[in-house]
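Fold and geometry: a report
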Amino acid sequence: MILEAKNVEYAYKSQKDRKVLKNISVRFEEKKFYTIIGASGAGKTTLLSLLAGLDSPTGGTVLYEGEDILTKGLNYHRKHHVSLVFQEYNLIDYLTAEENVKLGGAEKPEELLSKVNILQETWKRNVMKLSGGQQQRVAIARALASNAKVLLADEPTGNLDEQTAVGIIELLKRTAHELGKCVIVVTHSKYLANEADEIVRITNGMIDS
């Protein structure tokens with residue numbers, strides 16, 4: 001077990017009587033591909049944000065390798081334990097694909113760009129001149145540049161056509177099964193969800209068993 005939410009609850013400060021997450025307990029392991037699914041507003045992205053250390057739960061704890069992530073601090077957790085991939089890619093628009101991956105900590109970005117099937121002739125091209133699928137692959141390569149054992153993705157195929165999305169899903173599966181990372185993806189896609197080793201379904205802020 002690499003990452004765990006233990007009796008986690010969350011409520012917005014302005015609406016303390018309305019809990020977004022209610023007593024969530026779920027464990028995640030390395031070398032596995034997980035999807036988190038549920039209706040809009042169910043609490044999927046909130047759970048991902050707490051696992052990423054982007055916010056703190058209002059109840060319960062998030063544990064990394066058995067230790068509360070607050071012990072070393074959320075900044076430490078975000079820097080060393082997890083890497084993030086977003087629907088909007090969040091690339092630096094004035095940099096090349098190669099330069100964006102370097103920002104993730106890669107000394108040799110070429111190796112990672114090759115792993116995510118970005119052709120060599122596009123490595124030094126401005127990322128804004130790449131297709132959506134290529135940009136998402138660059139974003140994943142940047143995430144892989146980190147030594148973090150956990151990769152978290154929020155709707156990584158949401159802006160992509162079906163064929164391109166299938167390629168991204170295969171890449172995420174390989175990241176878990178071949179590179180040994182724990183990959184956790186929030187998605188609305190039934191196809192993506194069904195490709196997971198395990199599905200975490202959230203209904204009205206609770207794990208639906």
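Quick note: structure is the one above.
1. A few points about the sheet that holds strand E6 (residues 82-86)
In a beta sheet, neighbouring strands are held together by backbone hydrogen bonds and run either parallel or antiparallel to one another. Taken in spatial order, the six strands line up as E6-E7-E8-E3-E9-E10 in an open sheet, and their pairing is mixed. Each edge of the sheet is formed by a strand with only one pairing partner; in this case those strands are E6 and strand E10 (206-207). As defined by bridge partners, strand E9 (residues 198-203) adjoins E10 across two bridges and the pair is classed as antiparallel. Note that in E10 the partner of Thr203 across the bridge is Met206.

2. Considering helix H1 (residues 44-52)
Taking burial as the measure, the nine residues of H1 include seven buried ones, the bulk of the element. Residues Lys44, Thr46, Leu47, Leu48, Leu50, Leu51 and Ala52 constitute the buried set of H1. Count one or two residues on from H1 and you reach Gly53, which has phi positive near 75 degrees.

3. A short note on the nonpolar core
Counting residues in each nonpolar core, the largest one holds 34 residues, and the members touching the most others are Phe33, Val101, Leu113, Val138, Ile140, Leu151 and Leu172. Aside from chain neighbours lying at most four places away, what touches Val138 is Leu91, Ala97, Asn100, Val101, Leu113, Ile118, Val127 and Leu130. Membership of the second largest hydrophobic core comes to 30 residues, among which are Leu47, Leu48, Tyr64 and Val186.

4. Considering the sheet that holds strand E2 (residues 19-28)
With respect to topology, four strands assemble into an open sheet ordered E2-E1-E4-E5, the strand pairing being antiparallel. Across the chains shown, the open sheet's two edge strands, defined by having one partner strand only, are E2 and strand E5 (67-68). Two strands pair when backbone bridges link them, and strand E1 (residues 3-11) and strand E4 (residues 59-64) are joined in this way by five bridges, in the antiparallel orientation. In the strand pairing of E4, Lys6 is matched with Thr61.

Rules behind the numbers
Residues numbered from 1 in each chain as written. Predicted model: local features only at pLDDT ≥ 70, side-chain atom pairs only at ≥ 80, totals over all residues. Heavy atoms only, no water. Pairing = 2+ DSSP bridges. Helix = DSSP H or I, 4+ residues; strand = E, 2+ residues; numbered from the N terminus. Buried < 20%, exposed > 50% of the residue type's maximum accessible area, 1.4 Å probe, protein only. Core = buried A, V, L, I, M, F, W, Y, C linked by side-chain atoms within 4.5 Å. Contact = heavy atoms within 4.5 Å.

Read these as spatial facts, not as claims about activity.
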